[in-house]
Amino acid sequence: MALHIIDHPLVQHKLSIMRKKDTSTMKFRELLKEISMFMGYEVTRDFPLTYEEIETPLMKMNAPKISGKKVVIAPILRAGLGMVDGLTMLMPSARIGHIGMYRDEETCQPVFYYYKMPANKERLVILTDPMLATGGSACDAIKRLKEDGYKSIRLMCLVASPQGVKAVTEQHPDVDIYLAALDEGLNEKNYILPGLGDAGDRIFGTR
Ligand code: PRP
Ligand code: URA
């Protein structure tokens, strides 16, 4: 597995605004979409190219195009939904799956409530969730995807704790992780520190 931290200044700047407690829901959502698009460049960086002959107004050339890489974007509900639009701006024909799970407030264990993915298991899955805290939700979602037959999975999160990265790395060493930031740790309620609070509540304004 590889851990990719997207340290581009624009991503870091936008993330700092998202972290501020007074940033509005509207701004938070907009920034998450923008960062997701930037992160998408890195998640897709190794997509293979093929060449086709085209004609410019001046001459023929062998022009590069992406060689049939089929993608499914799979948000972990709810908060992962906030990362979908930025990715579909880059990959308009990507399929979109949904993995419904929430973290039980008392036990912090993930609870499944919905699963719907496309039939073609050969597709690369980009699993999205802004927060990788204990890693329980991401690990269970990846396990479920593998049981369903998916073999190629990348995990894209905004902010992670070292504990979350360790859990995914140990349980799913074949899954590459893409982050905008690796934070310091977790508090007693397993919230990421310094983090940005409850991502789902901040995206959807439900607090
Ligand atoms: C949050 C977050 C992750 C999970 C991370 O979701 O979006 O899915 O918690 O925690 P973990 O790494 O310790 O499992 P939450 O359960 O709050 O659901 P929501 O997206 O519906 O708000
Ligand atoms: N879920 C969140 O939304 N934020 C955290 O810090 C941890 C889990």
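Residues numbered from 1 in each chain as written. Chains lettered and ligands numbered in written order. Predicted model: local features only at pLDDT ≥ 70, side-chain atom pairs only at ≥ 80, totals over all residues. Heavy atoms only, no water.

Caption draft 1: Representation of the pairing of strand S7 (residues 110-116) within the structure. Alignment of strand S6 (residues 98-103) against S7, held across six bridges, turns out to be antiparallel. Note that in S7 the partner of His-98 across the bridge is Lys-116. What sits between the antiparallel neighbours S6 and S7 is a turn of six residues, in which Cys-108 has the positive phi angle 65 degrees. (Pairing = 2+ DSSP bridges. Helix = DSSP H or I, 4+ residues; strand = E, 2+ residues; numbered from the N terminus.)

Caption draft 2: Seen up close, a nonpolar patch on the surface. Together, Leu-3, Ile-5 and Leu-182 line one region of the surface with nonpolar side chains, adding up to about 220 Å² of accessible area. Within the secondary structure, Leu-182 sits in strand S13 (residues 181-182). A relative accessible area of 39% places Leu-182 in the partly exposed class. (Patch = residues over 30% accessible without salt bridge, like charges linked within 9 Å, V, L, I, M, F, W, Y side chains within 5 Å. Areas by Shrake-Rupley, 256 points an atom, 1.4 Å probe, with all protein chains shown as cover. Salt bridge = Lys/Arg side-chain N within 4 Å of Asp/Glu carboxyl O. Buried < 20%, exposed > 50% of the residue type's maximum accessible area, 1.4 Å probe, protein only.)

Caption draft 3: Quick look at the packing of helix H1 (residues 9-19) against helix H2 (residues 25-43). Across the interface, H1 lies against H2 with an axial gap of 10 Å and an inter-helix angle of 155 degrees. Taken as axis vectors, H1 and H2 run roughly antiparallel relative to one another. The interaxial crossing formed by H1 with H2 has left-handed handedness. Here H1 contributes Leu-10, Val-11, Lys-14, Leu-15, Ile-17 and Met-18 to the contact with H2, which in turn contributes Phe-28, Leu-31, Leu-32, Glu-34, Ile-35 and Phe-38. (Axes fitted to C-alpha atoms, helices over the stretch in contact; angles between N-to-C directions. Parallel < 35°, antiparallel > 145°, perpendicular 65-115°, else oblique. Left-handed = near helix turned anticlockwise from the far one by under 90°. Contact = heavy atoms within 4.5 Å.)

Caption draft 4: Spatial organisation of helix H5 (residues 162-171). Those residues of H5 that fall on the buried side of the exposure criterion are Gly-164, Val-165, Ala-167 and Val-168. Buried residues of H5, seen end-on, are gathered within an arc of 160 degrees and therefore sit on one face of the element. Residues Lys-166 and Glu-170 are exposed on H5 and point more than 90 degrees away from its buried face. (Arc of directions from axis to C-beta.)

Caption draft 5: Broad picture of the site of ligand 2. As a matter of local geometry, ligand 2 sits amid Arg-103, Met-131, Ala-133, Asn-190, Tyr-191, Ile-192, Gly-197, Asp-198 and Ala-199. At a separation of 2.8 Å, a nitrogen atom of ligand 2 approaches a polar backbone atom of Gly-197. Contact distances for ligand 2 include 2.8 Å between an oxygen atom and a backbone N or O atom of Ala-199. Protein chains shield 88% of the accessible area of ligand 2, which is 240 Å² for the free molecule. The cavity where ligand 2 resides is the largest pocket. Partitioned by chemical class, the residues of the shell around ligand 2 number five nonpolar, two polar and two charged. (Near = heavy atom within 4 Å. Polar contact = N/O pair within 3.5 Å; in protein donor to acceptor, adjacent residues only side chain to side chain. 1 Å grid on protein atoms, 1.4 Å probe; cavity = no way out; pocket = protein on both sides within 12 Å on 5 of 7 lines; lining within 4 Å. Sits in = over half its atoms within 2 Å of the grid points. Nonpolar A, V, L, I, M, F, W, Y, C, P; charged D, E, K, R; others polar.)

Caption draft 6: Region of the structure containing the site of ligand 1. By nearness alone, 15 residues border ligand 1, and Arg-103, Asp-129, Thr-134, Gly-135 and Ser-137 come closest of all. One of the backbone nitrogen or oxygen atoms of Arg-103 is found 2.6 Å away from an oxygen atom of ligand 1. At 2.9 Å, a backbone N or O of Ala-133 approaches an oxygen atom of ligand 1. Relative to its free-state accessible area of 500 Å², ligand 1 is covered by the protein chains to the extent of 90%. Taking a 2 Å distance to the grid points as the criterion, the majority of the atoms of ligand 1 fall inside the largest pocket.

Caption draft 7: Looking closely at the side chain of Arg-123. Along the chain, Arg-123 turns up in the loop between S7 and strand S8 (124-128). Within the buried core, Arg-123 has no salt-bridge partner, and the shortest N-O distance to an opposite charge, that of Glu-122, equals 10 Å. At 3.0 Å, the side chain of Arg-123 and the backbone oxygen of Val-71 are in polar contact. Every residue in contact with Arg-123, bar those within four places of it in the chain, is listed here: Lys-70, Val-71, Val-72, Arg-95, Tyr-150 and Ser-152. (Lys, Arg positive; Asp, Glu negative; His and termini not counted.)

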